[in-house]
Amino acid sequence: MLYTAHCSKFVRLFFVLYFLLPFVKGSDDSEVISANLTAIEDRSVVLPCNVSFPPENDAISLVLWFRGDSGVPIYSLDARNGSIYKAFHFSDDILGTRAYFNLTSKPPLLKIEPVKKEDEGEYECRVDYRRARTEKWRGHLRVIVPPKNVVIMDHEGTHIEGIIGRFNEGSFLLLSCEAGGDPTPAVTWWRDSALLDDDYNVTPRGIARNELLIKRLQRDHLMSVLTCQASNSDFNIPVSRSVTVDLNLKPLDVRISTLKRPLSAGRQVEIVCQSSGSRPPARILWWKGTERISKTTVPRNDNVTVSKITFLPMIEDHGKYLSCQADNPMIPNSALEDGWTLTIFYLPKLRLSLGANIQHDTIKEGSDVYFDCNIQANPWVSEVGWRFEGKPLFSKTKEGIIISNQTLVLQKVTRERRGRYQCVAANVEGEVESEEIMLRVHYAPVCKPDQKLVYGVARIESMIIRCEVLADPEDVTFHWSLNNTFERIEIRSFTTNGTISEATYKPRTRYGYGILSCWGKNEIGAQKEPCNYTIIPAGRPDPVKNCEITNRTITVIEIKCEAGYNGGLKQMFHLEVFNSPLDRLQINMSENDFPAFTVNNLPPGTNFLLAIYASNSKGKSHSVALTATTLPAPEKRTAKIENPIISPVLAILIGIVGALVLMAVLIVIIMRLRAQQEEKGSVEQDVVDKSHTPLQKDMDDPFDPDSREPDVIPASAIDSYERNGGIGRVTGVYHTVHNGKDRPRNPSGLQPTVLGTSSVAVPTDKQEVTYAELSMPTSHASTAVRRTNPPTEYAQIDFFRHAKQLVLQPDHEEDDSHITAETPLMEALSSIAGRHRITSVSDRSKISTTV
């Protein structure tokens, strides 16, 4: 609207100048002024009437407008009856109310609004004055009809507007634009601000027509605006109509974004394909060779499409072409494709077979055998190996094992080579084992290893002897014989079951022991070496020997012995632990291999009797007994000792008792001092007499109370010993005495003692007993000392030295844990001592006797 208003003002100004200029030029020499005017239909136009106002003595009486050759005015202003400003205006039917003559403007103007095409023609303005001569103005009015009915049609003549299409990319586009007007308008095609086509023609009906042909629509035509413009004058704005082109676009590209690499058979993989540029979004298809694969498509935006497939490659897919195809279904031949030839890696496929000319059922010892390992793999295997019974097999030419690539050769096969064979191959995918082939080697019977070869049999006792062989085929016949170094005896009493034969044998005489042999035979041949079984006399095992206690703690005792003869049978060893104070069985243990025991969880500081014996299927041996004591538990000490509270009365009593004890001690000391002085005098008097005193006195001699011979103990002393229950302890089966030079020796006439006695047996043959003999320790029992005739003379013994030994070795420190218990049924001590050669007191722990 703003643009139209400006144009209207411009046109009016142009008209004024157009009409005024000629009038100014011709005012001096012409009464008729002419001009050419142009108007736009349906707009307004002013026709100037360049009249001059007369002087005061004159006036305008009449103004007339004529069109063309018509003598009838189309508009008149009549002022003949009065002032010009009070004149009457008249308009004919042609103009009607559209025309009005304005005298106030300079020059006066006839305005016609709106202008019609019929208003075009010659116009004349005539002005009559009252006195002056008449003036005329003439002009030609041209009415321009702007373009109308601008239409755009497709190639089928259909009117189109707005968004047109969709057209396919690459196709042609034909558009026609028509427009009418007077004068005939110029019709042009524009794309945005660029002129596409200005060549138009006029139809017989006077319509301007311009056809636009786009031979091949490109991607840049998408949503482009094509404008048809019609214009027939510089005084009006061109008329236009536009359409927007919509297109279907082909995919610009298609690409498999997943790395194109070899795939592993049986290992699922996701493959992604992407396409862009298609409108609407592309359709993506997957192909494996000629087989179509299902897919999942996910559009990302308007022209990008992503498709994924979950692909499980198989061995059969190797060498096939996997492709991703993207197209626009609306556009023929728009498909694009990307793909690659599949390389499928897979584990080797192995097939193991015997050689083509080998019959499995005819293989026997000495035959040559070979295996073939057929391999199918991608990539090819890096190594090939062989296994026998699950263990690696290597080439050993000396042993007849030859491995050459995929072939295994066994020369002169033996029965040891029968078993399960398989080949192994590996590539980048992994290692694979073939199926197993059980190689069967036919061979003659041989003895089965790890059989029982020694049988202990008592006389007149039946025993089943089992003979088992290895053979292939297993249909074996047997025969038996006994070799007793004197003769060979055929055994007829036996049974056979395949490769096992059992003979029932009973030795009836002492010649029934020896080597029992069995032979087997099958279709391959007879057994070369028989199976030999030694038949020996069987009985109970011998007792264990050399038992000793190797370790002792508060709760643990360890015992170790040597095994005796097993009686011809497998033996077991047993230990029974008896609690001596409680007189009950504490623990019972058994061992299969060796007579060594560790006894745990024993009470501390307790005496035990240990009984050890062996057993086999014939019975058990005699028991061997040991005594042992666990160590006492450590004393508990308190961190704080409370001082006892002593009452006053108790303190007085303690003081009185202490005074009495002190007085008694003083009296004893005084008496001993006096006695020592008297003894000194008597000793000095008897020195010469005692040099002739015999070393030994008869038992019938009266006792001399003044005698100080340390080696001779009077009978009263023995009686006192018996009354007091004995002094010292017996530490062994026999004792040693001193000969005056601290060397122990075995006194003649000593006999074994019996445990459990507590008295001293005094000889009845009036023999003298030395102090050394009675002063020996007696921990478990007293020693019965016997003398033989004639009496033996003893050297003097240092009494004080011997007393020091007794003080330095108190009874409670002696270890009695290794003392061997003896019973009245035991062997004589002299025979035991002869066998074991005991040389010191410490060896007593190794003496063991049977119970």
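In this text the structure is predicted, and so the values were computed from the model without any measurement. (Residues numbered from 1 in each chain as written. Predicted model: local features only at pLDDT ≥ 70, side-chain atom pairs only at ≥ 80, totals over all residues. Heavy atoms only, no water.)

Q: Can you walk me through the overall build of the protein chain in this structure?
A: Secondary structure assignment for the protein chain yields seven helices and 54 strands. Counting all 851 residues of the protein chain, 38% fall into the buried class. A total accessible area of about 50200 Å² is found for the protein chain, and carbon and sulfur atoms account for 53% of it. (Helix = DSSP H or I, 4+ residues; strand = E, 2+ residues; numbered from the N terminus. Buried < 20%, exposed > 50% of the residue type's maximum accessible area, 1.4 Å probe, protein only. Areas by Shrake-Rupley, 256 points an atom, 1.4 Å probe, with all protein chains shown as cover.)

Q: I keep staring at the state of the cysteines and nothing clicks. Help me out?
A: Disulfide: a covalent bond formed between the sulfur atoms of two cysteine residues. As enumerated under the stated definition, the model contains seven disulfides in all. Bridging C547 to C561, the disulfide has an S-S length of 2.0 Å. A torsion of 120 degrees about the S-S bond marks the disulfide between C547 and C561 as right-handed. Of this pair, C547 sits in strand β45 (residues 545–552) while C561 is found in strand β46 (residues 557–562), placing the two residues 14 residues apart along the sequence. Taking the relative accessible area as the measure of exposure, C561 reaches 2% and is therefore buried. (Disulfide = S-S within 2.5 Å.)

Q: Help me understand the confidence of the model for the protein chain in this model?
A: Predicted coordinates in areas of low pLDDT are best not read in detail. Chain-level pLDDT for the protein chain is 75 on average; 73% of the residues reach the 70-or-more range. Taken together, the stretch residues 1–32 has pLDDT below 50 and engages in 30 contacts with residues farther than four places along the chain or on a different chain. Note that residues 683–851 has pLDDT below 50 and, in this model, 223 contacts with residues that lie over four places away or in other chains. (pLDDT = per-residue confidence, 0-100. Contact = heavy atoms within 4.5 Å.)

Q: Help me out: how do you make sense of the packing of aromatic side chains in this one?
A: Enumeration over the complete set of coordinates arrives at nine aromatic pairs. Their ring planes at 35 degrees and their centres at 4.7 Å tell us that F388 and Y421 sit as a pair that is tilted. In this pair, F388 is assigned in strand β29 (residues 383–388) and Y421 in strand β33 (residues 419–427), connecting sequence segments 33 residues apart. The pair F388 / Y421 is uniform in exposure class, with both members buried. On the basis of an interplanar angle of 45 degrees and a centroid distance of 6.4 Å, the ring pair of W480 and F494 is categorised as tilted. Of this pair, W480 sits in strand β39 (residues 477–483) while F494 sits in strand β41 (residues 494–497); the two residues are 14 residues apart in sequence, bridging distant segments of the chain. Given a relative accessible area of 26%, F494 falls into the partly exposed group. Joined through ring pairs, the aromatic side chains of F371, W386, F388 and Y421 make up one cluster. Positioned above the aromatic ring of Y613 is the side chain of K620, whose terminal nitrogen or guanidinium carbon lies 4.8 Å from the ring centre. (Phe/Tyr/Trp six-rings, centres within 6.5 Å; stacked < 30°, edge-to-face > 60°. Lys NZ or Arg CZ within 6 Å of the ring centre and 35° of its normal.)

Q: Mind showing me how you'd approach the side chain of R98 here?
A: Mapped onto the elements, R98 comes out in the loop between β5 (88–91) and β6 (99–102). Among the polar contacts made by the side chain of R98, one reaches the main-chain carbonyl oxygen of I94 at a distance of 2.9 Å. Here D119 takes part through its side chain, which lies 2.6 Å from a polar atom of the side chain of R98. Dropping the residues within four chain positions of it, R98 is found in contact with K111, I112, E113, P114, V115, K116 and D119. (Polar contact = N/O pair within 3.5 Å; in protein donor to acceptor, adjacent residues only side chain to side chain.)

Q: Just to check I follow, could you spell out the nonpolar core for this structure?
A: Nonpolar side chains tend to gather and get buried jointly when the protein is soluble and globular. With 29 residues, the main nonpolar core has L47, V63, W65, L77, F101, I112 and L141 as its most contacted residues. Contributions of two or more residues to this core are made by β1 (32–40), β2 (45–48), β3 (60–67), β4 (75–78), β6, β7 (109–112), β8 (121–129) and β9 (135–153). Ranked by residues supplied to this core, first place goes to β8 with four residues. Other than its neighbours up to four places away in sequence, L77 contacts S61, L62, V63, I84, A87, F88, H89, F101 and L103. Counting residues in hydrophobic clusters, the runner-up holds 25 residues, among them L352, F371, L410 and V441. (Core = buried A, V, L, I, M, F, W, Y, C linked by side-chain atoms within 4.5 Å.)

Q: Would you mind going over the environment of W286 with me for this structure?
A: Its place among the elements puts W286 in strand β21 (residues 283–288). Those residues in contact with W286 that sit more than four places away from it in its chain are I256, I271, V272, C273, E291, R292, I293, K295, S307, I309, S323 and C324. Among the polar contacts made by the side chain of W286, one reaches the side chain of S307 at a distance of 2.9 Å.

Q: Teacher, can you tell me more about a nonpolar patch on the surface here?
A: Nonpolar side chains collect at one region of the surface, where V649, L650, I652, L653, I654, I656, L660 and M663 lie side by side and expose about 800 Å² of accessible area between them. By relative accessible area, which is 51% here, M663 ends up exposed. (Patch = residues over 30% accessible without salt bridge, like charges linked within 9 Å, V, L, I, M, F, W, Y side chains within 5 Å. Salt bridge = Lys/Arg side-chain N within 4 Å of Asp/Glu carboxyl O.)

Q: Sorry if this is basic, but what is going on with the environment of F167 here?
A: Structurally, F167 can be placed in strand β10 (residues 162–168). Expressed as a C-alpha distance, the spacing of F167 and L217, which sit 50 residues apart in the sequence, is 8.1 Å. The contact partners of F167, leaving out residues within four places of it in the chain, are L173, L217, V245, D246, L247 and N248.

Q: Would you explain the side chain of S61 in this entry?
A: With respect to the helices, strands and loops of the structure, S61 is situated in strand β3. Among the residues examined, S61 registers a relative accessible area of 10% and is labelled buried. Those residues in contact with S61 that sit more than four places away from it in its chain are L77, D78, A79, R80, D128, Y129 and R130.

Q: What should I look at first to understand the sheet that holds β7 in this one?
A: Backbone-to-backbone hydrogen bonds join strands into a sheet, with any given pair of strands oriented parallel or antiparallel. Across the sheet, three strands lie side by side as β2-β7-β6; this open sheet has antiparallel pairing. Where the open sheet ends on each side, the last strands, each with one partner, are β2 and β6. The mean angle between the axes of side-by-side strands here comes to 20 degrees, regardless of whether they run parallel or antiparallel. (Pairing = 2+ DSSP bridges. Axes fitted to C-alpha atoms, helices over the stretch in contact; angles between N-to-C directions.)

Q: I would appreciate a short explanation of the pattern of salt bridges in the present structure.
A: Proximity of charged atoms lets side chains of opposite charge pair with each other. By the definition in use, this model includes 34 salt bridges. Between K111 and E113 there is a salt bridge, and its shortest N-O distance comes to 3.4 Å. Between R279 and D246 there is a salt bridge, and its shortest N-O distance comes to 2.5 Å. Taken together, the positions of R279 in the loop between β20 (269–276) and β21 and D246 in strand β17 (residues 239–248) put the pair 33 residues apart, joining distant regions of the chain. This pair shows no difference in class: R279 is buried, exactly as D246 is. One connected set of salt bridges, linked through shared partners, spans K288, E291, D317 and K320.

Q: It is not clear to me how the pairing of β41 should be interpreted in this structure. Could you clarify?
A: A regular strand places its side chains so that they alternate between the two faces of the sheet. Here β41 pairs with strand β42 (residues 500–505) via four bridges, running antiparallel. Bridged to F494 within β42 is A503. Connecting β41 to the next strand, β42, in antiparallel fashion are two residues, including G498 with a positive phi near 70 degrees.

Q: Mind showing me how you'd approach the environment of Q359 here?
A: In this structure, Q359 sits in the loop between β27 (344–354) and β28 (369–378). You can call Q359 exposed: its relative accessible area is 54%. For the pair formed by Q359 and V369, sequence separation is 10 residues and the distance between their alpha carbons is 9.8 Å.

Q: Would you explain the pairing of β21 in this entry?
A: Across six bridges, β21 lies against strand β25 (residues 321–327) in antiparallel orientation. Considered in β25, the bridge of W287 is made with S323. Sheet topology places β21 next to strand β22 (residues 291–293); three bridges connect them, and they run antiparallel. The partner of W286 across the bridge, within β22, is I293. Where β21 hands over to β22, the hairpin turn is made up of two residues, of which G289 adopts a positive phi near 65 degrees.

Q: Explain the sheet that holds β42 to me, please; I cannot follow it from the model alone.
A: The strand order across the open sheet formed by four strands is β36-β38-β42-β41, and the pairing between neighbours is antiparallel. Edge positions in the open sheet fall to β36 (443–447) and β41, since each of these has one partner strand only. Adjacent strand axes in the sheet meet at a mean angle of 20 degrees, parallel and antiparallel pairs treated alike. In terms of strand pairing, strand β38 (residues 463–472) meets β42 through six bridges, oriented antiparallel. Across the sheet, residue C467 finds its bridge partner in β42, namely S501.

Q: Would you mind showing me how to read unusual backbone geometry here?
A: The phi torsion of most residues other than glycine is negative, and most of the peptide bonds are trans. Residue G165 is joined to R166 through a cis peptide bond whose omega torsion reads 20 degrees. Take R166: it is sitting in strand β10. A positive phi angle, close to 45 degrees, is found at K412, a residue other than glycine. Structurally, the position occupied by K412 is in the loop between β32 (407–410) and β33.

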